[in-house]
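Chain residues, written in single-letter form:
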Amino acid sequence: MKNKSFNKKIYNIKNNFSKYFSEYKLVLILATLFLLLGIGTGIFTAVRYAGDLSLDNLSDSNLIEFLKGDKGTTGLIFPYLFSFCLFFGIIVFINFKPFMIGITYLALLVRGYLLGFDITILIILYGFAGIFNVFIIILPFDLIACLILLVVSSFAIKRNLIIKKYGATNSCNNLINYTKTYWFLFIVGILIILIKCLFLPLIRVTIIVT
């Protein structure tokens, strides 16, 4: 009985993922392209001006202060939560008119640029230590946060298009409960940010800023 129940749950999860990608595939692909374009542009910019860059050029001023020892772990929590909430809020609450869909793509582009720019600077400045911290500590959590923003974007853009077509989100029988989905993704994102803040002190073990 337990195996049947477990198999049923796995089947439901796979079925839900399949339905999600089937319905939101185009929107998700476009959102992903804008995020990747931002990351690529950030990397290109950092590489191009590598000779003139220093730690102070990081877009993340909180990380600068943290690496210099001017701010502790607890001092990172609120700014990082605020940043995530800002992008999350822009995507969810501004995206109610068709012409505002571009704002969602722009938010993803900016988020990607900041991520690509900062991780490249850390790698350029600190070599192997930078690579280790970027790929083991910073990037995994930031990519999960970006993935959450991508999923939220796909829902928000689809909701926008449905409002345009039907006049209200409850006009279509196949719509998911957007409010519950947003809250779930928001809570997961908050947890990811908190876990990231707990792991960030490990950076100081390999990166010493004088």
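Worth saying up front: this structure is predicted, and the values here are computed from it rather than measured.

A. Geometry of the overall build of the chain. Counting its regular elements, the chain contains six helices and zero strands. Beginning at the N terminus, the succession of helices and strands in the chain can be written as α-α-α-α-α-α. In the chain, buried positions account for 40% of the 210 residues. Put simply, 76% of the contacts in the chain that link residues at least 6 apart link residues at least 24 apart.

B. How the structure looks around the nonpolar core. Formed by 53 residues in total, the largest nonpolar core has its most connected members in Leu63, Phe88, Leu122, Val152, Tyr182 and Leu200. When contributions to this core are tallied by element, the ones reaching two or more residues are α1 (2–48), α2 (61–67), α3 (74–93), α4 (101–166) and α5 (178–199). Of all the elements, α4 adds the most residues to this core, at 23 residues. Apart from the residues within four sequence positions on either side, Val152 is in contact with Phe88, Ile91, Val92, Tyr182 and Leu185.

C. Spatial organisation of the environment of Glu23. Following the sequence through the fold, Glu23 ends up in helix α1. It is 9.1 Å that separates the C-alpha atoms of Glu23 and Lys158, two residues lying 135 residues apart in sequence.

D. Focus on the packing of α3 against α5. Between α3 and α5, the least distance of the axes is 10 Å, while the angle of their chain directions is 155°. Taken together, the axes of α3 and α5 are roughly antiparallel relative to one another. Along this stretch, α3 crosses α5, giving a crossing that reads as right-handed. Between α3 and α5, the contacting residues are Leu76, Ile77, Tyr80, Leu81, Phe84, Cys85, Phe88 and Val92 on the first element and Tyr182, Leu185, Phe186, Gly189, Ile190, Ile193, Leu194, Lys196 and Cys197 on the second. Along the lines of polarity and charge, the residues of the contact of α3 with α5 split into 15 nonpolar, one polar and one charged.

E. Quick look at α5. Between the first and last C-alpha of α5 there are 32 Å, a value that for 22 residues agrees with the 32 Å anticipated at 1.5 Å per step. When we look at burial in α5, the residues that qualify are Tyr178, Thr181, Tyr182, Leu185, Gly189, Ile190, Ile192, Ile193, Lys196 and Cys197. Summarising the axial view, the buried residues of α5 lie within an arc of 165°, below the 170-degree limit, and thus occupy one face. Among the exposed residues of α5, those pointing more than 90 degrees away from its buried face are Lys180, Trp183, Phe184 and Leu198.

F. Region of interest: α3. Between the first and last C-alpha of α3 there are 28 Å, a value that for 20 residues agrees with the 28 Å anticipated at 1.5 Å per step. Of all the residues in α3, the buried ones are Leu76, Pro79, Tyr80, Leu81, Phe84, Phe87, Phe88, Gly89, Ile91 and Val92.

G. Looking closely at a nonpolar patch on the surface. A contiguous nonpolar surface patch, about 900 Å² in accessible area, is contributed by Trp183, Ile187, Leu191, Leu194, Ile195, Leu198, Phe199, Leu202 and Val205. Broken down by element, the residue count for the nonpolar patch peaks at seven residues, all from α5. Tracing the backbone shows Leu202 in the loop between α5 and α6 (203–206). Relative accessible area serves as the criterion here: at 44%, Leu202 is assigned to the partly exposed category.

H. Fine view of the environment of Ala107. The residue Ala107 is located in helix α4 in this model. Taking the C-alpha atoms as reference points, Ala107 and Ile90, 17 residues apart in sequence, are found 7.5 Å from one another. If sequence neighbours within four positions are ignored, Ala107 has contacts with Phe87, Ile90 and Ile91.

I. Summary view of the pattern of salt bridges. Taken as a whole and judged by the stated rule, the model has four salt bridges. Between Lys71 and Glu65 there is a salt bridge whose closest N-O contact spans 3.6 Å. A relative accessible area of 31% places Glu65 in the partly exposed class. Residue Lys196 is joined to Asp142 by a salt bridge in which the shortest nitrogen-to-oxygen separation is 2.8 Å. Of this pair, Lys196 sits in helix α5 while Asp142 sits in helix α4, placing them 54 residues apart in sequence. As far as the burial class goes, Lys196 and Asp142 line up, both buried. Three or more residues joined by partner-sharing salt bridges are found here, namely Arg111, Asp142 and Lys196.

What counts and how
Residues numbered from 1 in each chain as written. Predicted model: local features only at pLDDT ≥ 70, side-chain atom pairs only at ≥ 80, totals over all residues. Heavy atoms only, no water. Helix = DSSP H or I, 4+ residues; strand = E, 2+ residues; numbered from the N terminus. Buried < 20%, exposed > 50% of the residue type's maximum accessible area, 1.4 Å probe, protein only. Contact = heavy atoms within 4.5 Å. Core = buried A, V, L, I, M, F, W, Y, C linked by side-chain atoms within 4.5 Å. Axes fitted to C-alpha atoms, helices over the stretch in contact; angles between N-to-C directions. Parallel < 35°, antiparallel > 145°, perpendicular 65-115°, else oblique. Left-handed = near helix turned anticlockwise from the far one by under 90°. Nonpolar A, V, L, I, M, F, W, Y, C, P; charged D, E, K, R; others polar. Expected span 1.5 Å × (residues − 1). Arc of directions from axis to C-beta. Patch = residues over 30% accessible without salt bridge, like charges linked within 9 Å, V, L, I, M, F, W, Y side chains within 5 Å. Areas by Shrake-Rupley, 256 points an atom, 1.4 Å probe, with all protein chains shown as cover. Salt bridge = Lys/Arg side-chain N within 4 Å of Asp/Glu carboxyl O.

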